[in-house]
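So you can see what is in the structure, the chains are spelled out below.
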Amino acid sequence: MNRMDLRASYPAAVVSDDATLVAQARAGSERAFEALYRRHVRYVAGVTYRLLGGDAEVDDVLQEAFLDAAGALAGLREPAEFRAWLVRIAIRRVYRRLARRRRWRWLQADIEVVSPPASDPQTRHRVHELYDALSRLPAKLRIPWTLHMIDGETLPDVGRLCEISVATAKRRIADAAARLDRRLRDA
Amino acid sequence: MTPDPKLRAALEPAWSELREQRLLGRIAEGRRQRGHRRRRALALAGAMVLAGATAAVVIGVRHPAPPVAGRSADSAPRLTLADGSEATLTPDGNVQIDEQTAARVKLRQRSGSARYVVRHDPARDFLVSAGDVTVRVRGTIFSVAMRADTVDVSVERGRVEVTDALRTRDLVAGESLSLPAHGRPAAPAEPPPESPPATAPPPAAASRARAAPARPSGSELLARADAARAAGRSAEAAQALEAFVADHPRDPRAAAALFTLGRVDAARGQWRPAADAFDRCAAARAGGPLADDALAEGAQAWHAAGVADRARSDARAYLAAHPAGLHAAAMRRLVDD
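Cut-offs used in this document
Residues numbered from 1 in each chain as written. Chains lettered and ligands numbered in written order. Predicted model: local features only at pLDDT ≥ 70, side-chain atom pairs only at ≥ 80, totals over all residues. Heavy atoms only, no water. Helix = DSSP H or I, 4+ residues; strand = E, 2+ residues; numbered from the N terminus. Buried < 20%, exposed > 50% of the residue type's maximum accessible area, 1.4 Å probe, protein only. Contact = heavy atoms within 4.5 Å. Areas by Shrake-Rupley, 256 points an atom, 1.4 Å probe, with all protein chains shown as cover. Pairing = 2+ DSSP bridges. Polar contact = N/O pair within 3.5 Å; in protein donor to acceptor, adjacent residues only side chain to side chain. Phe/Tyr/Trp six-rings, centres within 6.5 Å; stacked < 30°, edge-to-face > 60°. Lys NZ or Arg CZ within 6 Å of the ring centre and 35° of its normal. Salt bridge = Lys/Arg side-chain N within 4 Å of Asp/Glu carboxyl O. pLDDT = per-residue confidence, 0-100. Axes fitted to C-alpha atoms, helices over the stretch in contact; angles between N-to-C directions. Parallel < 35°, antiparallel > 145°, perpendicular 65-115°, else oblique. Left-handed = near helix turned anticlockwise from the far one by under 90°.

Looking now at the overall build of chain B. When its secondary structure is counted, chain B shows 10 helices and 12 strands. Evaluated residue by residue, chain B yields a buried proportion of 41% over its 337 residues. Residue pairs in contact within chain B that sit at least 24 positions apart in sequence constitute 43% of those at least 6 positions apart. Surface accessibility of chain B: about 17200 Å² in total, with carbon and sulfur atoms responsible for 56%.

Let's shift gears to the pairing of strand β7 (residues 133-137) of chain B. Residue and element names in this part refer to chain B. Of the two faces of β7, the one holding V133, V135 and V137 is buried and the one holding T134 and R136 is not buried anywhere. Relative to β7, strand β6 (residues 125-130) runs antiparallel, the two sharing five bridges. Opposite S129, over in β7, you have T134 as the bridge partner. In this structure, the hairpin formed by β6 and β7 is closed by a connection of two residues, where G131 is found at a positive phi of approximately 60 degrees. Here four bridges tie β7 to strand β10 (residues 159-163), and the two strands are oriented antiparallel to one another. The residue bridging T134 from the neighbouring strand is T163, located in β10.

The next thing to look at is the side chain of Q109 of chain B. Residue and element names in this part refer to chain B. Positionally, Q109 belongs in strand β4 (residues 104-111). The exposure class assigned to Q109 is buried, which follows from its relative accessible area of 1%. At 2.9 Å, the side chain of Q109 and the backbone oxygen of G112 are in polar contact. Not counting residues within four places of it along the chain, the set of residues in contact with Q109 comprises N94, V95, A114, Y116, V128, S129, A130, G131, V144, A145 and M146.

As a further point, take the packing of aromatic side chains. Summed over all chains, the structure comprises five aromatic pairs over all chains. Judged by centre distance (6.4 Å) and plane angle (90 degrees), the rings of F33 of chain A and F66 of chain A are edge-to-face. Of the two residues, F33 of chain A is situated in helix α3 (residues 30-52) and F66 of chain A in helix α4 (residues 58-72); the sequence distance between them amounts to 33 residues. Measuring from ring centre to ring centre gives 5.4 Å for F259 of chain B and F278 of chain B, while their planes differ by 70 degrees; the resulting arrangement is edge-to-face. In this pair, F259 of chain B is assigned in helix α6 (residues 254-267) and F278 of chain B in helix α7 (residues 271-284), connecting sequence segments 19 residues apart. For the pair formed by F259 of chain B and F278 of chain B, the shared burial category is buried. Pairwise contacts between aromatic rings join F33, Y37 and F66 of chain A into one cluster. The side chain of R83 of chain A reaches across the aromatic face of Y43 of chain A, ending 4.1 Å from its centre. Above the plane of the ring of F33 of chain A lies R31 of chain B, whose end atom (NZ or CZ) is 4.1 Å from the centre.

Time to look at the pattern of salt bridges. Summed over the entire model, instances satisfying the criterion amount to 31 salt bridges over all chains. Close ionic contact of R38 of chain A with E20 of chain B constitutes a salt bridge, the shortest N to O distance being 3.0 Å. Taken together, the positions of R38 of chain A in helix α3 and E20 of chain B in helix α2 (residues 17-61) put the pair across two chains. Put simply, D314 of chain B and R310 of chain B hold a salt bridge, and the shortest N to O gap is 3.3 Å. On the criterion of helical spacing, the pair formed by D314 of chain B and R310 of chain B is a turn pair, its members being four residues apart in helix α9 (residues 308-321). Members of the salt-bridge network, linked through shared partners, are E57, E64, D68, R93, R97 and R101 of chain A.

Averaged over all residues, the pLDDT of chain A is 83; the fraction at 70 or higher stands at 82%. Predicted confidence for residues 1-15 of chain A stays below pLDDT 50, and this span has 50 contacts to residues more than four positions away or in other chains.

All names here are of chain B. Strand order in this open sheet of six strands is β3-β4-β6-β7-β10-β11, and the pairing throughout is mixed. Edge positions in the open sheet fall to β3 (94-100) and β11 (168-172), since each of these has one partner strand only. Here the strands of the sheet are splayed against their neighbours by 20 degrees on average, with no regard to which way each runs.

This part covers the packing of helix α7 (residues 139-150) of chain A against helix α8 (residues 155-162) of chain A. All names here are of chain A. Where α7 meets α8, the axes come as close as 10 Å, and the angle between the chain directions of the two elements is 140 degrees. Considering their axes alone, α7 and α8 lie oblique with respect to each other. Here α7 runs over α8; the crossing is right-handed. Residues I143, P144, L147 and H148 of α7 pack against L155, V158, L161 and C162 of α8.

When pLDDT drops low, the exact placement of atoms in the prediction is not to be read closely. Residue and element names in this part refer to chain B. Looking at chain B, pLDDT values average 74 and 75% of them are 70 or higher. Overall, residues 56-74 carries pLDDT values under 50, and its contacts beyond four positions in sequence, including any with other chains, amount to three contacts. Low pLDDT, under 50, characterises residues 184-213; the stretch is placed with 49 contacts to residues that sit more than four places away or in other chains. Reported confidences for the modelled complex are a pTM of 0.44 and an ipTM of 0.82.

Right, here's the structure in full:
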């Protein structure tokens with residue numbers, strides 16, 4: 001067993017900041033990477049779930065995102081911003097999934113709405129209607145709108161997470177809101 | 001439009017510890033596969049360079065290289081299973097397959113030593129029994145050695161669950177454990193530097209710390225403990241960890257060192273010092289995730305030390321705080337014991 005594995009065998013819970021864990025993970029510590037995973041996976045799962053509108057693909061997206069993150073960790077310029085960086089990676093994966101869904105829907109002329117379940121019937125109906133309307137939006141509008149209106153991210157954060165300018169984020173959210181309003185009014 | 005502010009709260013995935021653990025397993029497997037692909041690509045590139053260089057030498061010198069003498073590592077007896085897992089045996093090793101299905105692989109080690117490289121598969125139980133000891137794994141590398149009276153288990157990578165007639169313990173990479181082969185009281189893997197009295201709280205730790213003649217830096221002590229653990233010198237590892245904790249009680253790594261010290265002491269059957277180390281860790285990290293693990297490990301150690309009341313009270317405290325925690329089932333067994 002090499003030296004790095006041994007250092008990794010210490011429980012990581014004492015390490016309090018992401019930057020330290022990232023530095024250890026870059027040096028080969030599996031334990032540090034696992035600590036980063038445990039610290040952030042639930043949060044990223046929640047964001048991914050709301051963006052996708054269902055649970056079926058969440059684990060796949062998370063797996064791809066953490067694998068991408070592991071491979072690109074050396075290039076992370078601000079280790080303290082690990083969570084935002086990880087969410088950006090997950091969002092890139094969500095873009096691809098949503099685009100694929102739209103292609104399939106177009107090819108199959110099949111309007112199967114993916115929407116998350118909700119506990120009470122009233123909320124369930126509203127959630128289904130909302131995600132039905134969201135499913136008609138392109139990913140580049142749907143994702144900023146969801147991050148802003150459901151996850152409560154600020155416009156600058158939406159811009160950073162979607163890797164677009166604040167002005168573009170604002171324009172896309174407004175565009176998405178207008179389309180959603182029209183569709184929900186007609187529904 | 002403005003969504004209901006309660007919408008976000010209603011839109012959370014059904015997350016659980018089990019799901020989190022399964023996903024972590026998938027990610028670990030994915031990382032291994034990517035690593036293998038990268039290594040294969042490098043090996044292929046290396047082979048091409050080597051082939052080119054060899055061709056140049058043969059053409060230029062026309063002297064064939066002498067054959068390499070010696071026995072290759074592949075000549076060791078090896079058992080390969082359907083899922084790609086392997087056991088490499090010593091000459092006196094004897095392992096038989098009791099069961100091999102998609103859901104369960106069960107091996108029985110009858111003698112000698114074997115090193116197991118187990119393919120990760122969360123859907124399959126992989127069990128190795130040796131005497132009265134059973135090792136349960138998901139995907140890892142570990143060794144089992146059958147001695148005259150003991151079964152020694154050591155883990156190189158991943159985590160295994162070791163069960164004997166008395167209890168179940170987790171071993172992680174770098175840890176080893178010596179258990180009686182047939183239900184007799186456990187013998188420590190090596191003699192401790194001094195034995196703690198049966199009833200007093202464990203002073204062994206403090207005396208170990210005092211035994212160190214000079215005071216190296218905290219990082220040096222941890223490195224020394226790491227090296228000692230890797231070499232199986234658990235008494236030396238415990239000494240270094242205790243020295244670290246004594247010299248650097250405010251260091252952020254102190255709680256982790258105490259936790260590791262508890263594991264080291266438990267692995268060699270020093271249950272009271274182990275319980276004491278876990279207690280100190282839980283106190284140092286009150287409210288943190290490590291404190292929960294320390295509380296549960298401490299309860300197990302108190303139980304093994306024969307202090308049942310203390311074990312039960314710690315187990316109840318754990319269950320009160322984490323009724324659905326990772327150690328909940330084990331803690332309930334302690335409470336009901």
